[in-house]
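The lines below spell out each chain.
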Amino acid sequence: MMARSVRLVFAGGMAATLSMAGVANAQDNSSIQRVEITGSSIKRASAETASPVQVISRDDLLKSGKGTVAEYLQTLTVDGAGSLPTGFGNGFAAGSTAISLRGLGATSTLVLLNGRRMAPFARADDGQKSFTDLSTVPMQIVERIEILKDGASSTYGADAIAGVVNIILRKDVQGLEIKADTGWSRYDDGKANKASITYGQGDLDTDRYNWVVNAEYNQSDRIANSDRRSRAYIGNGDLRAYGFPVGTQFAGGYINGTNSVSPSTTGMVRDPVSTNYVSLPGCSTLSATTNQTGANGGCLYYADQWRDMQPEIESTNLYSKGTLQINDNTQAYVELGYSKRSTGFTMTPPSITPTVAFPPNATTPQGFINYGNLNLLAASHPQNPFGAPARVRYIATDIGPSERKADNEFRRFVVGVKGSALGWDYDTGFTYSDSKLDLEYTNMLNMNVLQQALSNPASQYFPYYLGTQASKNPASLYAALVVDAMSHSKTSLSVVDFKATRELPIALPGGNIGLAVGAEHRREKVSNPSLSGSENGSINSSYVAAFGDAKVSAIYAEILAPLLKSLELSAAVRYDKYDNFNSTTPKVGLKWTPVRSFALRGTYTEGFRAPGAAEGSSASQSTGTSTVRDPIRCPGGVPAAGGATLTDCAIPVAAVKVGDANLQPETSKGYTLGMVWDPLDGLSLALDGWKIKRENEINPLPYNEAAALPTAIRNDNNLVVGGVVRPNTGTLVLTQAPYRNSSFTEISGVDLDIKQRLRLGDYGRATVGAVITHVASWARHESATTVYQFAGTHGNCDTSNCAGTPKNKVNLNASWDIGAWNFAGNLNWRDKMKNILYEGAGCASVLANGQPGTKDCEIASFTTLDLSTRWNVNKQLTLFASVNNAFDKIAPLDPLTYGGISYNPMDASGAIGRYFKVGASYKFF
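All values reported here derive from a predicted model rather than from experimental measurement.

Details of the state of the cysteines
- Tallying each qualifying case throughout the model produces three disulfides.
- In this model, Cys-634 is linked to Cys-649 through a disulfide, with the two sulfur atoms separated by 2.0 Å. Between Cys-634 and Cys-649, the S-S torsion sits near 95°, and that sign places the bridge as right-handed. Taken together, the positions of Cys-634 in the loop between β30 (621-628) and β31 (651-658) and Cys-649 in the loop between β30 and β31 put the pair 15 residues apart, joining distant regions of the chain.
- With relative accessibility at 8%, the residue Cys-649 sits in the buried group.
- A sulfur-sulfur separation of 2.2 Å characterises the disulfide bridge that pairs Cys-843 with Cys-857.

Right under this line is the structure:
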């Protein structure tokens, strides 16, 4: 048997722990308590496997000061690009949160609750990626979280390519406990309040039953970007003070040259003869931007005039579990879960001349409408100075900013029986869960009414006055023009599962062979219609929808073979049958313990992911946006002659992604090799190398390649060189980025976990530790000749949230218990990143003088320190307090990302600023 500290490394920082449903009392004839470990179905006498598993205890969550499970998990070194933070309110899946293990995306990260699946969030991220919303998990009743880092498709199914997050809730509560806390930022905003009550009664051993119920309420205020104007560049779209040009991605209202403008708050009308735009008056009353230098006669504004940094949130989580000990060998259980979460996030007012995409129809077979060419200001419109129909560009501040409201409702029901019979331990159950999402975008435009109000003097809606004259518009016009677009989405999951384990009467030198077998049948339904009106381009929003209905049946088997007392072999195989596909995925692991204080371990695993509803159905379509360098107007990073500007070198482009029924499944191979070691008393070390290769990968065409397609939609402000117009060289607007099975993605790296426990005599006890992750390579091979290396870069923006892939991340933690007090600190550090889209690309952000937009063309590293303390006043009352980002570090400037204005969304604590929290808990009995 290994030394205790090595076991704790396996069961703690880096390796296996207790279970799919928590610590299980063995229902066999042995006096040894056996436990079930995440990633394995076989109960064993010690929490040690060949797979690396990181464990977060209930105490770790409390000491962190974080308000939700997602907030904590997103600080971990294993989390990467594709993670969804709370503040990502402008994303497809606004109102949700998710983790992305190894940066492979939330869709390759399987999240379990008590060892079983949950229905995915009712809207796919980026219109493609199905994922589990962590916001539905009640934090106050979490017992621990186990993160399996090597994939477990052989045990859990297809979507565990990057690994498994198993959230285990408490089931042994007895008594009544209430807890409440409140938090606020150093700016006295972003206030958050939380309250929970937990009640449990019954003891399985004496009362033959146990029942626990938990209710949790959360409320947090929104933070606007404008609330951080004093915090350097944070939330500030205007980066001219830092040397940037006017036309950065959050800017609007400027004139960029002949026949090229960005919509303004006053409105701009184009001279039909010269094609130059002329701004309407009243800029000072409509734009918060007082410095109009560089507007070139337009009316410059920035999105932070309206857009939120953090959403307004109100949520309720309910959870209950009942367990009945029917007899010594049989136990029945039921779980009920309910979550309701409402979020509100403010965006900018709508443009009256968008380009929208939707499924082709008889009226619009091209599948898009460029309203910039259609919504003309009639010759007789009172604000048209040219006496002929003219193009117009306007952001409708008279209508006001759009609010994105998301009301998500999640339900989960589990009923099952577990026990032992005929020498087998078994567990079987039925799970049903669903997620419903009511999405509402306020202050949208009815484009048919708008066109009449601008262009048709005979219409009852004509004229629609713009800018400073908008007060002339009657209420009847707004009643017809302004709409709230809505959609109701639902996903559901039904699962019947069975598993059984036993020790076989086959003795090897190290002991008897363990065997597990299991089967599962599940049905997944997705109905995610687009916003009302977007199906035909009649509102100012592109179509985003996904539909699917899949049935999956699976069987699996696993063995645990102690080949020697010091050598353990584990192996598993799973067969999945989908409607159109099938797969066989194996996993094998070895653990060698030559001495009590040292062990070597390694695993090999294969994975399989069938196309999701958004990817594999022709009824599914979405339009995403990412910043690219226009290859036509900015070749080699230099604006082309004839009218191009630096804006073309970092321009947001929309790309239409359409599902394809001919897509093939993704497959993967994963490897780990590592060791654990107790060199000194109380000191534990674990080192693991890992590599994952995901082949036949389902990705949209990279946006930089899509931008170069001859079918890309451009405005008609074509380049003019030597008096000759170059056709199809206008400003990039929209392109096609169809889903396809690209070649493969291959990533590799190393994890290091160090933990030291200290006994301090009269001064209590302490623990210090570090978890370090190094990403050696994160390469996507689009073809035999095209490889995108993202390790250490900001890129991969077309298939992630553009958060970047730092090569190194570190979590340092320390905890000191003395008497009734606990003091703890967590330091989180991420490495600097090259401010480029992929290795070898030019700087993604440039200054007005053409120099790199950030020092050395890098996004600086970022470090935060979180501190907490807890005082057990007596057995009933506990007081606690925390401060996140204790040194009030400012997030590094990030001009590329679209998730936060001028800061990276994963550095949100550096945007919000120092954050305080105080609270108390009381146990009545």
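Focus: the nonpolar core
- Formed by 41 residues in total, the largest nonpolar core has its most connected members in Leu-73, Ile-145, Ile-147, Val-165 and Ile-167.
- Of all the secondary structure elements, the ones that give two or more residues to this core are α3 (69-73), β2 (109-113), β3 (142-148), β4 (163-169), β24 (482-508), β33 (683-695) and β41 (765-781).
- Counting residues per element, this core draws most heavily on α3, which supplies four residues.
- Beyond its immediate sequence surroundings of up to four residues, Ile-167 is in contact with Val-69, Val-111, Leu-112, Leu-113, Asn-114, Leu-134, Val-137, Val-142, Arg-144 and Ile-145.
- Grouped together as the second largest cluster of nonpolar side chains are 26 residues, Ile-369, Leu-377, Ala-396 and Val-449 included.

Re unusual backbone geometry
- Here the residue pair Phe-462 and Pro-463 is connected by a cis peptide bond, since its omega of -5° sits within 30 degrees of zero.
- Locating Pro-463 in the fold gives a position in the loop between α7 (447-455) and α8 (475-481).
- In this structure, Asn-296 is a non-glycine residue whose phi angle is positive, near 55°.
- The exposure class assigned to Asn-296 is exposed, which follows from its relative accessible area of 56%.
- Notably, Asn-696 is not glycine yet its phi reads approximately 55°, a positive angle.

Re the side chain of Asn-826
- Relative to the helices and strands, Asn-826 is located in strand β44 (residues 821-830).
- By relative accessible area, Asn-826 is classed as buried at 17%.
- With residues near it in sequence (within four places) discarded, Asn-826 still touches Lys-63, Ser-64, Leu-812, Asn-813, Thr-864, Leu-865 and Asp-866.

With respect to the packing of aromatic side chains
- What the rule picks out here adds up to 16 aromatic pairs.
- With a centroid separation of 6.4 Å and 65° between ring planes, the pair formed by Tyr-394 and Tyr-464 is classed as edge-to-face. Within this pair, whereas Tyr-394 is found in the loop between β21 (390-393) and β22 (403-421), its partner Tyr-464 is found in the loop between α7 and α8, the two being separated by 70 residues in sequence. Take Tyr-394 and Tyr-464: they sit in the same class, and that class is buried.
- Ring centres of Trp-816 and Phe-823 lie 5.8 Å apart, and the angle between their planes is 35°; on these two criteria the pair is classed as tilted.

Examining the sheet that holds β2
- Pairing in this open sheet of four strands is mixed, and the strands run β1-β3-β4-β2 from one edge to the other. Each end of this open sheet is capped by a strand with a single partner; those strands are β1 (53-57) and β2. The average angle at which neighbouring strand axes cross in this sheet is 15°, direction not considered.

Notes on the environment of Asn-904
- With respect to the element layout, Asn-904 can be found in the loop between β48 (877-884) and α11 (909-912).
- On a C-alpha basis, the gap between Asn-904 and Leu-865 in space is 18 Å, while along the polypeptide they are 39 residues apart.
- The contact partners of Asn-904, leaving out residues within four places of it in the chain, are His-794, Cys-802, Ala-803, Met-833, Asp-894 and Thr-897.
- A polar side-chain atom of Asn-904 sits 3.0 Å from the main-chain amide nitrogen of Met-906.

Details of the sheet that holds strand β20 (residues 376-377)
- With respect to topology, four strands assemble into an open sheet ordered β13-β12-β21-β20, the strand pairing being antiparallel. The outermost strands of the open sheet, each flanked by one partner alone, are β13 (277-279) and β20.
- Note: strand β12 (residues 268-270) against β21, two bridges, orientation antiparallel. Following the sheet pairing, Val-269 is matched in β21 by Val-392.

Quick look at the environment of Gly-643
- Summarising the element assignment, Gly-643 is placed in the loop between β30 and β31.
- Its relative accessible area of 43% is what places Gly-643 among the partly exposed residues.
- Between the C-alpha atoms of Gly-643 and Ser-494, which are 149 residues apart in sequence, the distance is 57 Å.

About the thresholds
- Residues numbered from 1 in each chain as written.
- Predicted model: local features only at pLDDT ≥ 70, side-chain atom pairs only at ≥ 80, totals over all residues.
- Heavy atoms only, no water.
- Disulfide = S-S within 2.5 Å.
- Helix = DSSP H or I, 4+ residues; strand = E, 2+ residues; numbered from the N terminus.
- Buried < 20%, exposed > 50% of the residue type's maximum accessible area, 1.4 Å probe, protein only.
- Core = buried A, V, L, I, M, F, W, Y, C linked by side-chain atoms within 4.5 Å.
- Contact = heavy atoms within 4.5 Å.
- Phe/Tyr/Trp six-rings, centres within 6.5 Å; stacked < 30°, edge-to-face > 60°.
- Pairing = 2+ DSSP bridges.
- Axes fitted to C-alpha atoms, helices over the stretch in contact; angles between N-to-C directions.
- Polar contact = N/O pair within 3.5 Å; in protein donor to acceptor, adjacent residues only side chain to side chain.

The values are spatial; any link to function lies outside them.
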